[in-house]
Amino acid sequence: MLGSIVTLPGVTYTPGTELEVRLQVTGTAPTNLAVTVWPAGTTEPASPTLTATDDTAELQVPGGVGLAAYLSGSATAPTSVRFTGLAVRSLG
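Cut-offs used in this document
Residues numbered from 1 in each chain as written. Predicted model: local features only at pLDDT ≥ 70, side-chain atom pairs only at ≥ 80, totals over all residues. Heavy atoms only, no water. Helix = DSSP H or I, 4+ residues; strand = E, 2+ residues; numbered from the N terminus. Buried < 20%, exposed > 50% of the residue type's maximum accessible area, 1.4 Å probe, protein only. Contact = heavy atoms within 4.5 Å. Areas by Shrake-Rupley, 256 points an atom, 1.4 Å probe, with all protein chains shown as cover. Pairing = 2+ DSSP bridges.

## Some points on the overall build of the protein
Within the protein, the secondary structure is distributed over 0 helices and 3 strands. In sequence order, the secondary structure elements of the protein are arranged as β-β-β. With respect to the three principal axes, the spread of C-alpha positions in the protein is 40 × 35 × 25 Å. Residue burial in the protein is summarised as follows: out of 92 residues, 11% are buried. A sequence separation of at least 24 residues applies to 23% of the contacts in the protein between residues at least 6 apart. Surface summary for the protein: the accessible area is close to 7700 Å², and the carbon and sulfur share equals 55%.

As structure tokens, then:
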């Protein structure tokens, strides 16, 4: 978890709405994380939606990338999630 739940400013989500997500990870000890989420087809916000840092020693090594969906145990209805693309690249 990067932090607490964040409501996207100006976005009212309805089922079927596509969202773009960008996660940038930089540095070591600490590692800086910045995630930006915005509705597909609109301009990416200039500022990240959420930022965090982590200096946990065990996490300061190369790792992998993956996607997953999570449904809370308190959810009252099923949901479906579809990922339509994943790009991973080094910016350095």
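## Topic: the environment of Val61
On the secondary structure map, Val61 appears in the segment after strand 3 (50-54). Taking the C-alpha atoms as reference points, Val61 and Ser80, separated by 19 residues in sequence, lie 33 Å from one another.

## Some points on the pairing of strand 1 (residues 19-26)
In the sheet, strand 1 pairs with strand 2 (residues 31-39) via 8 bridges, with the strands oriented antiparallel. Across the sheet, residue Val21 finds its bridge partner in strand 2, namely Val37. Between strand 1 and the antiparallel strand that follows it, strand 2, lie 4 residues; Gly27 among them carries a positive phi value of about 80°.

So, to be careful, I would describe these as geometric facts and stop short of saying anything about function.
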